[in-house]
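The primary structure of each chain is shown beneath.
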Amino acid sequence: MMMKNCISKLTFLGAILFGGSLLAQNITGVVSDDEGPLPGVNVIIEGTSIGTSTDFDGNYTISNVDTNAVLLFSYIGYKTQAIPVNGQTQINVTMSVDANALDEVVLVGYSTLKKSTLTGAISVVDVDDLNKARTSNVAQALQGQVAGVQVASSSGAPGGGIQVRIRGVGTIGNNDPLYIVDGVPSRDITFLNQSDIKTMSVLKDAAAASIYGSRASAGVVLITTKSGSVGKMKLEAEYWYGVQSASNLPTMLNAEQYINTTEKAWNNTYTGANPYTADRGRADFGDTDWLDELFEGGSSQNLQLSASGGSENVQFLTSLGYYGENGIVVYDNDKFRRLNFRSNINADLTDRLKIGANVQLSSSTQDKVPSTGESLIRFALLRAPVIPVFKDVNDPTYSERDPFTDMPFFTATGYDQGLNRTMYEMVGNPIAQAYFSDDQTRIFKTFGNVYGQYSFLKDKELTFRSNVGVDLTFFHDKTFNENYGDDDGGGSAIDQGLGRRNRPNNLSERRGESLALTFSNTLNYNKSFGEKHDFSAMVGTEYVTQTESDIVASRARFPYSIDEFRYLSYGGEGLDENNAGAGTESALFSYFGSTTYSYDNKYMITANLRADASSRFAENNRWGYFPSVSGGWTLSREDFLSEVDWLSDLKLRASWGQLGNQNIDNYTYAELIEQTEGIVRRVRYGNPDLKWETTTQANFGIDVGLFNNKVGVTAEYFDKSTTDILLPIGLPGFLGDLQPTIVNAGEVSNKGFEFSVNFRNSEREFKYNINANLSTVTNNVEKLHPNVPNIVNNESRTVVGQPLDAYYGYRMEGIYQNQAEIDSHLFLEGNSKPGDIRFKDINGDGKISPDFDREFIGSSIPDLTYGIFLTGEYKGFDMSVLFQGVEGIDRYNDGKKIIDFDTRPFNYTTAILGAWDGEGSTNSIPRVAFEDNGSSKVSSIFVEDASYFRLKNIEIGYTIDGVQGFDSARLYISGRNLLTSTNYTGLDPEASDLVDKGTYPLSTSFMFGVNVKF
């Protein structure tokens, strides 16, 4: 009987086990969110440690699943979903965002990792927040969003350049970061449509970026674009229109104030009859506000259309975008237009094999006016207000083609007699310059990739991916310089009678193309062992080749200058013809690998190694090796903190790694020889020992989550040092007229702290979020080449012990109030007058000399950058506000120098009304004069604090859901650059030029838009 019962029990148990195995099955599916597939989603059988994660395109397969089991889908940053199997073999899931979750899956280069296991310094950009900043350039939208990332505009002109610096300026050469868009590298992302971006991550330290090796020394920005998802087709349309106006303009003197000031300047300089007194009340005087004449209202508009959808095996997305901007300068010759078309498709050919393609076409046109340096902006600041914009129609020099005033009060004969030519200075007419500008750049770009991916092993733990990327650009620059202005009698014999501007007229064109091909192959392995061990490894190779070529041609003396004849064939011949062309090619081949191990989600370590071979170095130094290692410890999972209810997360991180830089011209290691008229001569000495520039960086970080992760805090400290800096060195003159030779010389360090704080409250009807970041950096030159102890510019120097390009000059102490003060200070030098600038006599020898009395007076590298982003939602309403600022930064304001302190009779700002006018009147602004009052010297009076606090962006919207005909519609109004607080007297404290000569100002803009989803 006992034996019978035992057999019965064994039989019953066997039936259960066997039956269970019969009921077990494989489950496949795609996991996505509203914007497309999600990589790295955890899929686990509830109550077990058996699970897997989705691949790059959201696909997953999990084996031996009981028909009655429940699958848990978790993706940090999204709400966990429990889905009963109920006999299904295909389960597709759409994840919804969990506003209280701070963790997420992060793209880290060729693979993804959960943020909870990250050990490097990686900042994930909230794309929804990013899209509230409606700009033409994606890089500009990063401003104020990420700690350690400084973004500045080189010019506010439409299509103007954007400068991005990650953790300071590390080298004397190119400091631009590397962008990786859908796995394809690029140094420029101006072609991207902001609405197409799905995710963006910034790799800041060497441990995070070293997987990109030689190109990552200035940091890496990883971008993925949106793709289709399983389900019905989704249509989306968005349109906004904006108006713009110049802001932060200085107040210039009017005609009466100008005559009073120049009259005083004459009296302070000369004796005898004052010509400005005699000129009072001239009938041909105007009262021109040149800034008001130059700037008008601008406009911008953006249209984005997209369609996406797909079946279980094929998903697609197609988008079309248009952006157009008319600038704020008169005559509408400052415009920017961009048209984007993007399409991608992902297909599962089998449950293991998938392929996909992502292609973007972009066409842009930029019409430019001179906007920095010797520009029409500078001319508008300088031109005297007594000069009218247009000539009188009865003026014998007037013409309908060129009605603009040029030389002050010009007459066809005798203009060079008397003082008219110099009394009001002959700076160009900015309105005429705007009218005659014809400078256009067209760019057509094809950018994208195709890939194939195959998964091996039973649970697809091993994945091979092959990717081919292309970046093909065609460009065409065309500039026609039309002759205009007054005839000053100059020029060659054949140009007599022409105006002095662009004499003779001329056309230049440059056409070219660049092609970069990237072929990468990676093998990724991900495996969980038991309940506590997680392991991932990746190895790969990459080959990048780049070719560039261009042709340049120009002609002059076009007999007809109307648009229809602005082609090279219509220009003069013989001496008027010029042409040239050039081409280069380079290649980079790389091996790389990465491995990450995590134990119980408490202890994690990651190691990377990349080896790059670059054609830009000679064979003996072609290879560079870039390792990194990083580790993390999640203390909050330890038993001794398990009872601390308010502490949700606490992790310590540390990393060390090296990165490289090869941003030099091709073939610079080689000797350069040329032959001219049968004579062979050396142009440049080569340097076969040239090697990689290397950046070594250590990083220490802490991540804290409080109160169920409603509050998140991240703090970092970094120490970054760049050695073997690639530096051009000129050789002694006795060796001949030679180009500089590139050598490895110098070392630059950057050290600093970064802090980020996030607070979310989404449990009530009113939901709000606060994001704030702050970062500091200390830049220092540690070493230079013995033959180049300093790099000297007119206003700055690079020397050991100072930041890069530190301003160097005299230190202003005040204004000499009387002759006795001059005599006691300059007892060996007596050429100053009361009212002149008093400079610091550093060595106390009684005279001001360039050898002993100059010092470092400022730095263009900021000490601190910060941003504060606030969002709120209530029912259908939403609001976002971005504040952004910079502290501890100086700018050399050359515009101030030439306006208020020059010895020529340019216009002045109203600040000059407070100039020194007798003992005790002021100790800050010298006397006005047509002689040097000390203002010719580079000094601290022109190095201004360019710190600023700016209300960068504000947006208010209202969303309507469930209206018949569409899923949702959002209406919004947005404002940009609404308020700036700064002590800087230039047009824009954000301008990135080392010397500010007057730049196209940033515009204040208001935009009105609608977004509709069907």
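Counting starts from 1 at the beginning of each chain's written sequence and moves along it residue by residue. Reporting in this predicted model follows two pLDDT cut-offs: at least 70 for local features of residues, and 80 or more for side-chain atom pairs to be given and counted; totals over whole chains, interfaces and linings ignore these cut-offs and use all residues. Note that water and hydrogens are dropped before the side-chain values are worked out from all heavy atoms of the structure.

S.K.: Sorry, what's going on with the environment of Ile-664 here?
M.R.: Counting from the N terminus, the helices are the DSSP runs of H or I reaching at least four residues and the strands are the DSSP runs of E reaching at least two. Tracing the chain through its elements places Ile-664 in the loop between strand 30 (647-661) and strand 31 (672-676). Taking the C-alpha atoms as reference, Ile-664 lies 7.6 Å from Leu-726; in sequence the two are 62 residues apart. Contacts were defined at the residue level, with two residues in contact if any of their heavy atoms lie within 4.5 Å. With sequence-adjacent residues up to four places away left out, Ile-664 is seen in contact with Arg-616, Phe-617, Leu-690 and Leu-726.

S.K.: I would appreciate a short explanation of the sheet that holds strand 4 (residues 51-53) in the present structure.
M.R.: Strand pairing in a sheet is mediated by backbone hydrogen bonds. Such pairs are either parallel or antiparallel. At least two DSSP bridges between two strands are required for those strands to pair. In space, the four strands of this open sheet follow the order 4-3-6-7, with antiparallel pairing throughout. The sheet is open, and its two borders are formed by strand 4 and strand 7 (81-84), each paired with just one other strand. The mean angle between the axes of side-by-side strands here comes to 20 degrees, regardless of whether they run parallel or antiparallel. Geometry is summarised by axes, namely lines fitted to C-alpha atoms with helices restricted to the contacting stretch, and by angles between N-to-C directions that run from 0 to 180 degrees.

S.K.: Is there a simple way to explain the sheet that holds strand 45 (residues 855-858) in this structure?
M.R.: Taken in spatial order, the four strands line up as 40-41-42-45 in an open sheet, and their pairing is antiparallel. Each edge of the open sheet carries a strand with a single partner, namely strand 40 (790-792) and strand 45. Neighbour to neighbour, the strand axes of the sheet diverge by 45 degrees on average, direction disregarded. Pairing geometry for strand 42 (residues 806-809) and strand 45, over three bridges, is antiparallel. Note that in strand 45 the partner of Tyr-808 across the bridge is Phe-856.

S.K.: Looking at this structure, how should I read the side chain of Gln-360?
M.R.: You can see Gln-360 is positioned in strand 22 (residues 353-367). Only protein chains enter the accessibility calculation, which uses a 1.4 Å probe; a residue is then buried when its area is under 20% of its type maximum, exposed when over 50%, and partly exposed in between. On the accessibility criterion, Gln-360 (3% relative accessible area) is buried. One polar contact links the side chain of Gln-360 to the main-chain carbonyl oxygen of Phe-191, over a distance of 3.2 Å. Setting aside its immediate chain neighbours within four residues, Gln-360 contacts Phe-191, Leu-192, Asp-196, Asn-340, Phe-341, Arg-342, Lys-445, Thr-446 and Phe-447. Nitrogen and oxygen atoms within 3.5 Å of one another constitute a polar contact, given that in protein one can donate a hydrogen and the other can accept it, and given that sequence-neighbouring residues count only through two side-chain atoms.

S.K.: How do you make sense of the environment of Asn-506 when you look at a structure like this?
M.R.: Summarising the element assignment, Asn-506 is placed in strand 25 (residues 506-529). For the pair Asn-506 and Asn-481, spaced 25 residues apart in the sequence, the C-alpha separation amounts to 5.3 Å. Asn-506 has contacts with Thr-479, Phe-480, Asn-481, Arg-555, Ala-556 and Phe-558, leaving out every residue within four places of it along the chain. A polar side-chain atom of Asn-506 sits 3.1 Å from the main-chain carbonyl oxygen of Pro-504.

S.K.: Mind showing me how you'd approach a negative patch on the surface here?
M.R.: In this analysis, a patch consists of residues with relative accessible area above 30% that form no salt bridge, clustered at 9 Å for like charges and at 5 Å for the nonpolar side chains Val, Leu, Ile, Met, Phe, Trp and Tyr. For the area figures, the Shrake-Rupley method with a 1.4 Å probe applies, and any residue is considered shielded solely by the protein chains shown. Salt bridge, as applied in this entry: a Lys or Arg side-chain nitrogen positioned within 4 Å of an Asp or Glu carboxyl oxygen. In this tally, Lys and Arg are treated as positive and Asp and Glu as negative; His is ignored, and so are the chain termini. To locate a charge, the coordinates of NZ of Lys, CZ of Arg, CG of Asp or CD of Glu are taken. A cluster of acidic residues, Asp-287, Asp-289, Asp-292 and Glu-293, forms a negative patch on the protein surface. Looking at the element boundaries, Asp-287 is found in the loop between helix 6 (275-279) and helix 7 (290-294).

S.K.: Help me understand empty space enclosed by the protein, please; the structure alone is not making it clear to me.
M.R.: Any empty space left between the atoms is revealed when a probe the size of a water molecule rolls over them. Cavities and pockets are found on a 1 Å grid laid over the protein atoms alone: a cavity is a set of points where a 1.4 Å probe fits but cannot escape, a pocket is an open set with protein on both sides within 12 Å along at least five of seven lines, and a lining residue has an atom within 4 Å of such a point. Grid points are joined across faces, edges and corners, and a volume is the space filled by probe spheres set on the points. Under the counting rule described, the total for this entry stands at eight cavities of 30 Å³ or more. Looking at the largest cavity, its volume works out to about 310 Å³. What lines the largest cavity is a set of 24 residues, and nearest its centre among them are Ser-136, Gln-140, Gly-156, Tyr-323 and Glu-325. Elements with a contribution of two residues or more to the lining of the largest cavity: strand 18 (231-246), strand 20 (314-326), strand 51 (968-982) and strand 53 (1003-1013). The element that contributes the greatest number of residues to the lining of the largest cavity is strand 53, accounting for three residues. For this classification, Asp, Glu, Lys and Arg are treated as charged, while Ala, Val, Leu, Ile, Met, Phe, Trp, Tyr, Cys and Pro are nonpolar and the rest, including Gly, are polar. When its residues are assigned to classes, the lining of the largest cavity shows seven nonpolar, 14 polar and three charged. Considering only enclosed or pocket space, the second largest cavity measures out at about 100 Å³ in volume. If you trace the second largest cavity, you find 13 residues lining it, with Gly-170, Thr-171, Asn-175, Ser-217 and Ala-218 closest to the centre. Residues that form the lining of the second largest cavity fall into these classes: two nonpolar, nine polar and two charged.

S.K.: What is the right way to look at the nonpolar core in this model?
M.R.: Where a protein is soluble and globular, its nonpolar side chains tend to be buried together. The criterion is simple. A nonpolar core is a set of buried Ala, Val, Leu, Ile, Met, Phe, Trp, Tyr and Cys residues joined through side-chain atoms within 4.5 Å. Tyr-258, Leu-294, Val-329, Val-386 and Tyr-424 are the most contacted members of the largest nonpolar core, which has 68 residues in total. Per element, the largest residue contribution to this core is six residues, and it comes from helix 8 (residues 376-382). If you look at the next biggest cluster of nonpolar residues, it comprises 25 residues, including Ala-139, Ile-166, Val-181 and Met-200.

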